[in-house]
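Geometric and topological summary
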Amino acid sequence: MTDKLAELKLQCAERISNLKSLKELEQLRLDMLGKKGELTQLLKSLGNASPEERPALGQLVNSARESIEKMLEEARSAIIKQERNERLAAERIDVTMPGKLPALGAKHPMTTVLDNLKAIFIGMGYEIAEGPEIETPYYNFDALNIPATHPARSEQDTFYFEGGDSLRTSTSPMQIRIMEQGKLPIRAICPGRVYRRDEVDATHAPVFHQLEGIVVDQGVTMGDLKGTLELFARELFGGNTRVRFRPHYFPFTEPSAEMDASCFACGGEGCRVCKYEGFIEILGCGMIHPRVLQMSGIDPTVYTGFAFGMGLERITMQRFGVSDLRLLYENDVRFLKQF
Ligand code: DAH
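For the structure given in this document, a descriptive report is provided here. Just so we're clear, the structure is a prediction, and the values are computed from it rather than from any experiment. (Residues numbered from 1 in each chain as written. Predicted model: local features only at pLDDT ≥ 70, side-chain atom pairs only at ≥ 80, totals over all residues. Heavy atoms only, no water.)

Of all 11 residues making up strand β5 (residues 207-217), 9 are buried, and the element is well covered by its neighbours. Relative to β5, strand β4 (residues 186-195) runs antiparallel, the two being bridged by 10 bridges. Counted as the bridge partner of Ala188 is Ile214 from β5. The pairing of β5 with strand β9 (residues 304-311) spans 8 bridges and is antiparallel. By the bridge assignment for β9, Val215 is matched with Phe306. (Buried < 20%, exposed > 50% of the residue type's maximum accessible area, 1.4 Å probe, protein only. Helix = DSSP H or I, 4+ residues; strand = E, 2+ residues; numbered from the N terminus. Pairing = 2+ DSSP bridges.)

The next subject is the site of the ligand. Neighbouring the ligand are 15 residues; Ser172, Gln175, Arg196, Gln210 and Glu212 lie closest to it. Within the contact set of the ligand, an oxygen atom lies 2.9 Å away from a side-chain nitrogen or oxygen of Gln210. Ala307 has a polar backbone atom sitting 3.1 Å from an oxygen atom of the ligand. Listed by contribution, the elements that provide at least two residues to the shell around the ligand are β5, β8 (279-288) and β9. For the shell around the ligand, the class distribution of residues is 5 nonpolar, 8 polar and 2 charged. (Near = heavy atom within 4 Å. Polar contact = N/O pair within 3.5 Å; in protein donor to acceptor, adjacent residues only side chain to side chain. Nonpolar A, V, L, I, M, F, W, Y, C, P; charged D, E, K, R; others polar.)

Under the defined criterion, the tally for this structure stands at 1 cavity of 30 Å³ or more. Empty space within the largest cavity amounts to approximately 30 Å³. (1 Å grid on protein atoms, 1.4 Å probe; cavity = no way out; pocket = protein on both sides within 12 Å on 5 of 7 lines; lining within 4 Å. Points joined across faces, edges and corners; volume = space filled by probe spheres on them.)

The probe, sized like a water molecule, is rolled over the atoms to show the empty space still left. In this structure, the second largest pocket encloses a volume near 240 Å³. As for the second largest pocket, its lining consists of Glu127, Ile128, Ala129, Ile178, Gln181, Lys183, Pro185, Ile186, Arg187 and Ala188. When residues of the lining of the second largest pocket are traced back to their parent elements, those giving at least two are β1 (127-128) and β4. Considering each element in turn, the lining of the second largest pocket owes the most residues, 3 residues, to β4. Looking at side-chain class alone, the lining of the second largest pocket contains 6 nonpolar, 1 polar and 3 charged residues.

Structure below.
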């Protein structure tokens, strides 16, 4: 019996020296101490021994069991320790390695341009106002002196709701809303989203952005309009920018004009950007029609004013030399990264 026990211990020690995992250790424990394990079998065989021998043999087996349990326990700690060391080595971090920069976004070019425009006009004492994107026919058309027969009113140009309201087709209704408040003098810009039933192409989108400007005071003249807008163009496109005003027609201004700025790309010589014109159309403007003033409760014999409206997409495209409007909306990172 003593020999058998010694051999069992030896066997156990040998298997322990080859152990690689806790799973293998558990198998060893079952092989030795489990219900069908070697030591358990030995213990069972004690039934065959004579009653006089049994206590002594029992003690031997028990002490062998204790020492095997101890060996297994030590092996267990050793394996756990080793596994932990291996894991620590594998997960080791080199704190001196250069870090990874988080991918930071940037302002969309339209936002940059809008920020510039706001700064320029705030610098000239303008306030910023915003208003509803759904308008009644009164604000969107009538109060702007746009007659019932005007093509802009047709279903082809305007998104109508049942009942006659529509998505605003320009930011000009904001002129009316500001004038109606009756606080004079007025100096305000109104940026915002506008809607027209246009097919998407390189220069059109059914949703786009405008910036409206309005000034009303006593003694405001066309000279003020020209000076203001020339200054604005220089601030936005650079100090050497020249502007020119072409007569135009808008129902809500009289006289009306369109303003062009000398091409920022060629300085006016003519190039691909300005289609060899030297100038680029920037905005519509004019002296507010006396009838529009009157409808909004302002006495046109005392007050005069000017207004202007520009498309933000168009200005952004000009400012950054973008050739296709759709690029501004597609959110292609390869495009946006360039700004
Ligand atoms: N509302 C015009 C448009 O959408 C732009 C415009 C022209 C606005 C002249 C004005 C203005 O305030 O005076 O095309």
